[in-house]
Amino acid sequence: QVQLVESGGGLVQAGGSLRLSCAASGRTLSINAMGWYRQAPGKQRELVATTTNGGSTNYAESAKGRFTISRDSAKNTVSLQMNSLKPEDTAVYYCNAAGTVNWGTTSFNSWGQGTQVTVSS
């Protein structure tokens, strides 16, 4: 119904930067919020950053000052610029989007397939 395609993960040294991107597609898609979550081995999935239609953003404490989330509502895309990366940022990063399709008749909350980010020390 709604597809999210992520890109931009990879291997980087500590202190380096990566930019993740996510594009959403679906029929008569109307997105209320988009965000990024991550899951490290043996840990639960956790919020990294989210952004809403009104432009408000929310960051995990670990991401504040280092990561920046941005969204292009016209293109239904969201990006996460990650700077000053640390080994503890190593995880699979997942894009999330919530909203409606089919002219507002059906709500959705969808996840991307995940993209690996590995930060070496």
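Rules used throughout
- Residues numbered from 1 in each chain as written.
- Predicted model: local features only at pLDDT ≥ 70, side-chain atom pairs only at ≥ 80, totals over all residues.
- Heavy atoms only, no water.
- Pairing = 2+ DSSP bridges.
- Helix = DSSP H or I, 4+ residues; strand = E, 2+ residues; numbered from the N terminus.
- Salt bridge = Lys/Arg side-chain N within 4 Å of Asp/Glu carboxyl O.
- Buried < 20%, exposed > 50% of the residue type's maximum accessible area, 1.4 Å probe, protein only.
- Core = buried A, V, L, I, M, F, W, Y, C linked by side-chain atoms within 4.5 Å.
- Contact = heavy atoms within 4.5 Å.
- Disulfide = S-S within 2.5 Å.

Is there a simple way to think about the pairing of strand β5 (residues 46-52) in this case?
For a regular strand, side chains alternate in direction, first toward one face of the sheet and then toward the other. The pairing of strand β4 (residues 30-39) with β5 spans six bridges and is classified as antiparallel. Of the residues in β5, the one forming a bridge with Gly 35 is Thr 50. Joining the antiparallel neighbours β4 and β5 is a turn of six residues, in which Gly 42 adopts a positive phi near 80°. As defined by bridge partners, β5 adjoins strand β6 (residues 57-59) across three bridges and the pair is classed as antiparallel. Within β6, the position partnered with Thr 50 by the bridge is Asn 58.

How do you make sense of the pattern of salt bridges when you look at a structure like this?
Two side chains bearing opposite charge may form a pair once their charged atoms approach each other closely. In total, this model carries four salt bridges according to the counting rule given. The residue Arg 38 makes a salt bridge to Glu 46 at a minimum N-O spacing of 2.7 Å. Looking at Arg 38, the relative accessible area reads 8%, which means it is buried. With relative accessibility at 38%, the residue Glu 46 sits in the partly exposed group. Asp 89 is the partner of Arg 38 in a salt bridge, and the nearest nitrogen-oxygen pair spans 3.0 Å. Here the residue Arg 38 occupies a position in strand β4, and Asp 89 occupies one in the loop between β8 (77-82) and β9 (91-101), the gap between them amounting to 51 residues.

Help me understand the nonpolar core in this model?
Where a protein is soluble and globular, its nonpolar side chains tend to be buried together. Formed by 30 residues in total, the largest nonpolar core has its most connected members in Met 34, Trp 36, Val 48, Phe 67, Leu 80, Met 82 and Tyr 93. When residues no more than four places from it in sequence are discounted, the contact partners of Leu 80 are Leu 18, Arg 19, Leu 20, Trp 36, Val 48, Ala 49, Phe 67, Thr 68, Ile 69 and Tyr 93.

What exactly am I supposed to notice about the state of the cysteines here?
Put plainly, a disulfide is one covalent bond tying together the sulfur atoms of two cysteines. In the structure shown here, the tally under the stated rule is one disulfide. Disulfide pairing is shown between Cys 22 and Cys 95; the S-S distance is 2.1 Å. Residues Cys 22 and Cys 95 share a disulfide whose torsion about the S-S bond is about -85°; that sign makes it left-handed. Placement of the pair is Cys 22 in strand β3 (residues 18-26) and Cys 95 in strand β9, with a sequence separation of 73 residues.

Mind showing me how you'd approach the side chain of Ser 110 here?
Structurally, the position occupied by Ser 110 is in strand β10 (residues 106-111). When near neighbours in sequence (up to four residues on either side) are disregarded, Ser 110 contacts Val 2, Leu 4, Cys 95, Asn 96 and Ala 97.

In this structure, what is going on with the environment of Val 119? I would like to understand it.
One can find Val 119 in strand β11 (residues 115-120). Residues Val 119 and Leu 85 lie 34 residues apart in sequence; the distance between their C-alpha atoms is 6.7 Å. Apart from the residues within four sequence positions on either side, Val 119 is in contact with Val 12, Gln 13, Ala 14, Leu 85, Lys 86, Pro 87, Asp 89 and Thr 90.

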